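Below are the chains, spelled out letter by letter.
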Amino acid sequence: MNEPHLMGDDHILPFQAEGLDVRGRVVRLGPAIDTILRRHDYPAPVSRALGEAAALTLLLGTTLKFDGRFILQTRTDGPVRMLVVDFQAPDRVRACATFDKDAVAAAIADGRAGTIELLGQGHLAMTIDQGPDMARYQGIVALEGESLEAAADQYFRQSEQIPTRVRLAVAENYVAGEGSSWRAGGMMIQFLPSSPERMRMADLSPGDAPEGAQLLEQREDDAWVEAKLLMGTVEDHELTDPNVPAEELLYRLFHERGVRVFESSRVIEKCRCSREAVTGMLRNFSQADRRDMVADDGSIIVTCEFCNTRYDFDKAEAEELVSA
């Protein structure tokens, strides 16, 4: 280990296990994710699902080499219909969830409140937005009763052809005399040997292969197998416990293979909304739609879905918006 200062909360730590040709990142979220989740007062299982999505977004979004946005969004048929996490490089994150309150309550009562059960089936979309002068890139992977971890692994397998493993964990931490707070953590490893042939993964099984056809099996690289086995030993509490520094966890896992960490980067909870942005958003609606937004007292009220900030436009301002 060559990093003298241990990484604290709300940081992402890149690392490399040279003996295994593996690179990765660890994210540890404390006050940032607690602020996001407490602000909305979601049911605990919904908070856990959104915390997982936030940790995954930061593991992926902080790899961006430009000042753009990385947006993760789920659309599914379960009690939690949508999760949205918006990361603005280099360090801003915001997130929100849309869910059926009664369906979530029923799921909790039935003991089906894990992230998999709450999401159901649908898709996970990951969008890279480099600004108005660049085309957006979007990758989509199916969610078919599997974890966000598995969906992320499948995304890299299909679109990037990079062997990848992701671990996510969320916990509500209790401290005597201080109450509880939400924490989230995650780790991602990727197999990136210098030889492209060593990185090749077995082809996906062709759905139209004739019955009885012999499919060739490609053997996984021993280094990647070892890396996956080591990561499989990580416990949820190790990813969220503030008393287990990320550097210590990496040393436990990979010290025999020569792990090296790099400079960590900070993450802050900060919404992108503003009165100017909301005004611009309203002007994008048709005049008829803006007229329908006017309340009985003649005002227009808009509440940000991410940060719950309320923007009030009085009667005179609303008339100006409607007539524009």
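Above: the structure in question.
The present account deals with the structure reproduced in this document. (Residues numbered from 1 in each chain as written. Predicted model: local features only at pLDDT ≥ 70, side-chain atom pairs only at ≥ 80, totals over all residues. Heavy atoms only, no water.)

## Details of the state of the cysteines
- For the structure shown, the criterion picks out 0 disulfides.
- Unpaired in this structure, Cys271 has its nearest cysteine sulfur neighbour in Cys304, at a distance of 3.6 Å.
- Unpaired in this structure, Cys273 has its nearest cysteine sulfur neighbour in Cys307, at a distance of 3.5 Å. (Disulfide = S-S within 2.5 Å.)

## Here we look at the side chain of Arg25
- Mapping Arg25 onto the fold places it in strand 2 (residues 22-29).
- Glu263 provides the closest opposite charge to the buried, salt-bridge-free Arg25, at an N-O distance of 11 Å.
- Excluding anything up to four places from it in sequence, Arg25 contacts Ile12, Leu13, Pro14, Phe15, Leu59, Thr62, Thr63, Gly186, Met187 and Met188. (Helix = DSSP H or I, 4+ residues; strand = E, 2+ residues; numbered from the N terminus. Buried < 20%, exposed > 50% of the residue type's maximum accessible area, 1.4 Å probe, protein only. Lys, Arg positive; Asp, Glu negative; His and termini not counted. Salt bridge = Lys/Arg side-chain N within 4 Å of Asp/Glu carboxyl O. Contact = heavy atoms within 4.5 Å.)

## Re the sheet that holds strand 6 (residues 121-129)
- Spatially, 6 strands are ordered 7-6-3-4-5-12 in an open sheet, and the strand pairing comes out mixed. Every other strand in the sheet has two partners, leaving strand 7 (137-144) and strand 12 (268-269) as the edge strands with one partner each.
- Sheet topology places strand 5 (residues 92-99) next to strand 12; 2 bridges connect them, and they run parallel. Bridging across to strand 12, Val93 finds its partner in Glu269.
- Each of strand 5 and strand 12 touches helix 1 (residues 31-40); the most contacted strand, strand 5, lies at about 35° to it. (Pairing = 2+ DSSP bridges. Axes fitted to C-alpha atoms, helices over the stretch in contact; angles between N-to-C directions.)

## A few points about the environment of Gln190
- Counting through the fold element by element, Gln190 comes out in strand 9 (residues 179-191).
- Its relative accessible area of 13% is what places Gln190 among the buried residues.
- Taking the C-alpha atoms as reference, Gln190 lies 5.5 Å from Val22; in sequence the two are 168 residues apart.
- When neighbours within four sequence positions are excluded, Gln190 is seen to be in contact with Asp21, Val22, Arg23, Phe156, Ile162, Pro163, Thr164 and Trp224.
- At 3.2 Å, the side chain of Gln190 forms a polar contact with the side chain of Thr164. (Polar contact = N/O pair within 3.5 Å; in protein donor to acceptor, adjacent residues only side chain to side chain.)

## Comments concerning helix 7 (residues 222-231)
- Every buried residue belonging to helix 7 is among Ala223, Trp224, Ala227, Lys228 and Met231, and all of these are buried. What you see down the axis of helix 7 is that its buried residues fit within an arc of 135°, all on one side.
- Where helix 7 begins, the side chain of Asp221 points an oxygen toward the backbone nitrogen of Ala223, at a separation of 2.8 Å. (Arc of directions from axis to C-beta.)

## Some points on the packing of helix 10 (residues 275-283) against helix 12 (residues 315-323)
- Closest axis-to-axis distance for the helix 10/helix 12 pair is 9 Å, and the angle between their directions is 45°. The pairing of helix 10 with helix 12 is recorded here as oblique in orientation. In this structure, helix 10 crosses over helix 12, and the sense of that crossing is right-handed. On the side of helix 10, the interface is formed by Arg275, Thr279, Leu282 and Arg283, while helix 12 contributes Glu317, Glu320 and Leu321. (Parallel < 35°, antiparallel > 145°, perpendicular 65-115°, else oblique. Left-handed = near helix turned anticlockwise from the far one by under 90°.)

## Observations regarding unusual backbone geometry
- Here the residue pair Ala89 and Pro90 is connected by a cis peptide bond, since its omega of 10° sits within 30 degrees of zero.
- Position of Pro90 among the secondary structure elements: in the loop between strand 4 (80-88) and strand 5.
- The backbone of Asn308 shows a phi angle near 65°, a positive value even though the residue is not glycine.
- A relative accessible area of 37% places Asn308 in the partly exposed class.

## Details of the nonpolar core
- Ranked by size, the top nonpolar core spans 57 residues in total, and within it Leu50, Leu56, Phe70 and Leu83 carry the most contacts.
- Sorting elements by how many residues they give to this core places helix 2 (residues 44-61) first, with 10 residues.
- In this structure, Leu50 is in contact with Ile36, Leu37, Tyr42, Leu83, Val84, Val85, Ala95, Cys96 and Ala97, ignoring residues within four places of it in sequence. (Core = buried A, V, L, I, M, F, W, Y, C linked by side-chain atoms within 4.5 Å.)

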